[in-house]
Amino acid sequence: MTISDHEVLVVGAGAAGLSLALELADYRRITLISPGTETHGASQWAQGGIAAVLSPQDDLEAHVADTLRAGDGLCDEAAVRFTVAHGPEAIDRLLALGMPFTPDTAPQAAYPFHLTREGGHGERRVIHAADATGQALVRTLWEQVTCHPRIVVRHGLTVVELLSDARGHCRGAFALDASGRGEKLLAQDVVLATGGASGIYAHTTSPAPAWGEGMIMAAELGAPLVNLEFQQFHPTCLYDPDGAPFLVSEALRGEGGVLRSLAGHRFMPNIDPRGELAPRDIVARAIDAEMKRAGSDHVWLDMTHLPVDALERLFPTIKAHCHTRGIDMAREPIPVVPAAHYSCGGIGTDLHGATSVPHLYAIGEVAYTGLHGANRMASNSLLECLVFAHAAAEALRIPEPGPNTPLRPGQFARRSSDLLPRLDDTAIERWRCQLRRTMSQQVGIVRSDTSLKRADTTLKSLHAEVTEACLKYATTPDLITLHHAVRLARLTVDAAYRRRESRGLHFSVDCPDRNVGALPSMSYLS
Ligand code: SIN
């Protein structure tokens, strides 16, 4: 087995990991682990933009108030204020790097870049690069990262376990390459930026979602996982049973798009006075209810009010993609359906991204900072990535070396599986499908005690089968990631069951009311 030494190990190359690497590299040497050849996680699929108070007509208190309202009483107000207050400077840093935000060319424009609206926002405050903001963002950051002399990018490694010492401090990570060869990467500090857990659901807005692996690895070192039951379903993923998952940005509704039943009836105004721009939990639940009522497998998103030149200027990616799937969005409505999109829960951190495990940080979707509460407001997530990457980079500037305490052996790092047979891919795929189907059918937008108990029973036996396979067969990235995903799914079901109320993204038919004084949920690995 290879053993290597590093100063700061950053696991994940999405917006959070790339920003942190760039901001810290002038102070410490960085090793950035990117799992694929050029995988930038869910960030690269983000369409809408980055929420920040930029317009002179907007103000920080309004952004704070909208975020708290969308979070349905479970946000940590200090985290909300911290994030919102640091938003404008995060955008300034991106502008200095050359981020190609869409300009506002209107003669009366109050701010030089176009600001759109999304659900829950009372103001236009979402700055964007047309409808491919995530792609432009990771490209801008990646260009800087790859030419920085103090950042080494390691491709094709999957981190499967964090290493700790006898005091319980994080000391690095154990990773596998695609052929299952292991490497111990010892590090002074580790930053997890591995993304969320939408992959445990069958239908997602991202073609290659994360599976909660970062959350489980941190929990294995004792870090608490917070609010796992709050899984966000984006209301509008393209309904395209034969195509790859494709998000249809909320910014379309921000520019006046309306949702219609299959019969053409506009249903949102009867449900919420904010109509199509109500927070996501409300819109996704309304679509789910409408589909169940009508027995349909999608609803329509109608953009035919916008002239073709506006569609092409603001939504070129979505228009082109719809065109390849035979839909002309200028003339006909788009078929849409909710899909798993974002994990509002994650590894609990402080305002510098520090977890409860010394020398372990978590930023981006893998983390729970308190910003999102029971429901994330649109475009607050890229903002959180940037603000917390900056804050964590500040905290990590000066190394804090401790005594050279012996390393714990680690569950996977200690054993050599070279002589064990390799499990064939069909078994892994079958288990993966069972996991994702169970989560979508029983732990989706609407839950009940019965559905959660069913999920628990299925996942318990799946967990036993996958654990046995991990002992019998060679450790491969796919097998270990599945093992992590099943454990995360079980913790999610348990957190959902323990929440005896409905709030934000968690709705149970058995507990439809909100409890006064409800708190975030905490989950630990036993
Ligand atoms: C979207 O463009 O609708 C997604 C933006 C987000 O999830 O924040």
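Throughout what follows, the structure given in this document is the object of discussion.

Definitions and limits used
- Residues numbered from 1 in each chain as written.
- Predicted model: local features only at pLDDT ≥ 70, side-chain atom pairs only at ≥ 80, totals over all residues.
- Heavy atoms only, no water.
- Helix = DSSP H or I, 4+ residues; strand = E, 2+ residues; numbered from the N terminus.
- Rg over C-alpha atoms; globule rule 2.2 N^0.38 Å.
- Buried < 20%, exposed > 50% of the residue type's maximum accessible area, 1.4 Å probe, protein only.
- Contact = heavy atoms within 4.5 Å.
- Areas by Shrake-Rupley, 256 points an atom, 1.4 Å probe, with all protein chains shown as cover.
- Lys, Arg positive; Asp, Glu negative; His and termini not counted.
- Charge placed at Lys NZ, Arg CZ, Asp CG, Glu CD.
- Pairing = 2+ DSSP bridges.
- Near = heavy atom within 4 Å.
- Polar contact = N/O pair within 3.5 Å; in protein donor to acceptor, adjacent residues only side chain to side chain.
- Nonpolar A, V, L, I, M, F, W, Y, C, P; charged D, E, K, R; others polar.
- Arc of directions from axis to C-beta.
- Axes fitted to C-alpha atoms, helices over the stretch in contact; angles between N-to-C directions.
- Parallel < 35°, antiparallel > 145°, perpendicular 65-115°, else oblique.
- Left-handed = near helix turned anticlockwise from the far one by under 90°.
- Core = buried A, V, L, I, M, F, W, Y, C linked by side-chain atoms within 4.5 Å.
- Salt bridge = Lys/Arg side-chain N within 4 Å of Asp/Glu carboxyl O.

### What about the overall build of the chain?
Okay, so step 1: In terms of regular secondary structure, the chain is built from 14 helices and 18 strands.
Okay, so step 2: Since a compact globule built from 526 residues should have a radius of gyration of about 24 Å, the 22 Å found for the chain is in line with a globular shape.
Okay, so step 3: A buried classification covers 61% of the 526 residues belonging to the chain.
Okay, so step 4: Summarising the internal contacts of the chain: among those between residues at least 6 apart in sequence, 73% fall at separations of at least 24.
Okay, so step 5: For the chain, the computed accessible surface area is about 20300 Å², with 53% contributed by carbon and sulfur atoms.
Okay, so step 6: Separation of charge centres in the chain, based on 49 positive and 60 negative side chains, amounts to 4 Å.

### Regarding helix 1 (residues 15-24)
Okay, so step 1: Summarising burial for helix 1: nine of the ten residues are buried, a large majority.
Okay, so step 2: Looking at helix 1, one finds that the buried residues are Ala15, Ala16, Gly17, Leu18, Ser19, Leu20, Ala21, Leu22 and Leu24.

### Observations regarding the pairing of strand 14 (residues 334-343)
Okay, so step 1: In terms of residue burial, strand 14 counts as a mostly covered element, since ten of its ten residues are buried.
Okay, so step 2: Across six bridges, strand 11 (residues 231-238) lies against strand 14 in antiparallel orientation. Counterpart to Phe233 in the pairing with strand 14 is Ala340.
Okay, so step 3: Here three bridges tie strand 13 (residues 299-302) to strand 14, and the two strands are oriented antiparallel to one another. Bridge pairing in strand 14 places Leu301 opposite Ile334.

### Side note on the site of the ligand
Okay, so step 1: Of all residues adjacent to the ligand, which total 13 residues, the nearest are His234, Ser249, Glu250, His341 and Ser379.
Okay, so step 2: Note that an oxygen atom of the ligand is positioned 2.7 Å from one of the side-chain N or O atoms of Ser249.
Okay, so step 3: One of the side-chain nitrogen or oxygen atoms of Arg280 is found 2.9 Å away from an oxygen atom of the ligand.
Okay, so step 4: If the ligand stood free it would expose 260 Å²; the protein chains cover 96% of that surface.
Okay, so step 5: Residue composition of the shell around the ligand, grouped by class: two nonpolar, seven polar and four charged.

### Description of helix 4 (residues 87-97)
Okay, so step 1: Among all positions of helix 4, only Gly87, Ala90, Ile91 and Leu94 are buried. All buried residues of helix 4 project into a common sector of 100 degrees when viewed along the axis, lining one side.
Okay, so step 2: Turning to helix 4, the residues buried within the fold contact strand 3 (50-51), helix 3 (77-85), strand 5 (126-127), helix 5 (133-146) and helix 11 (380-396).
Okay, so step 3: Gly98 lies just past helix 4 and shows a positive phi near 95 degrees.

### So, the packing of helix 12 (residues 425-442) against helix 14 (residues 477-498)
Okay, so step 1: It is the contact of helix 12 with helix 14, at a shortest axis distance of 11 Å, that shows an interaxial angle of 20 degrees. Classified by the angle between their axes, helix 12 and helix 14 sit roughly parallel to one another. Between helix 12 and helix 14 lies a crossing of left-handed hand. Residues Ile428, Trp431, Arg432, Leu435 and Met439 of helix 12 touch helix 14, and the partners they reach there are Asp478, Leu479, Leu482, Ala485, Val486, Ala489, Thr492 and Val493.

### Focus: the sheet that holds strand 18 (residues 522-523)
Okay, so step 1: Read from one edge of the open sheet, four strands run 17-15-10-18, paired in mixed fashion. Strands with a single pairing partner mark the edges of an open sheet, and in this sheet they are strand 17 (367-368) and strand 18.
Okay, so step 2: Relative to strand 18, strand 10 (residues 225-226) runs antiparallel, the two being bridged by two bridges. Paired with Leu225 across the bridge in strand 18 is Ser523.
Okay, so step 3: Sheet strands in contact with helix 6 (residues 213-220) are strand 10 and strand 15 (346-348), and its direction is about 35 degrees off that of strand 15.

### A closer look at the nonpolar core
Okay, so step 1: In this structure, Leu162, Ile200, Ile347, Leu435 and Met439 are the most contacted members of the largest nonpolar core, which totals 68 residues.
Okay, so step 2: Of the residues forming this core, the biggest block, eleven residues, is contributed by helix 14.
Okay, so step 3: Among residues more than four places away in sequence, those in contact with Leu435 are Ile200, Trp211, Leu459, Leu462, Leu482, Ala485, Val486 and Ala489.
Okay, so step 4: One finds Ala25, Met99, Ile127 and Val387 within the second-largest nonpolar core, a separate group that totals 50 residues.

### Regarding the pattern of salt bridges
Okay, so step 1: As enumerated under the stated definition, the model contains 34 salt bridges in all.
Okay, so step 2: For Arg28, the salt bridge goes to Glu7, with nearest N and O atoms at 3.4 Å. With Arg28 in the loop between helix 1 and strand 2 (30-34) and Glu7 in strand 1 (residues 2-11), this residue pair connects regions lying 21 residues apart in the sequence.
Okay, so step 3: The buried category is assigned to Arg28, whose relative accessible area is 1%.
Okay, so step 4: Overall, the relative accessible area of 24% leaves Glu7 in the partly exposed class.
Okay, so step 5: The salt bridge partner of Arg81 is Glu77, with a shortest N-O separation of 3.0 Å. Within this pair, Arg81 and its partner Glu77 are both found in helix 3, separated by four residues, close to a single helical turn.
Okay, so step 6: Each member of the salt-bridge network shares a partner with another, and the members are Asp58, Asp66, Arg69 and Arg125.

### Observations concerning the side chain of Thr476
Okay, so step 1: Along the polypeptide, Thr476 turns up in the loop between helix 13 (449-472) and helix 14.
Okay, so step 2: Assessed through its relative accessible area of 7%, Thr476 is described here as buried.
Okay, so step 3: Those residues in contact with Thr476 that lie beyond four places of it in its chain are Leu176 and Arg422.

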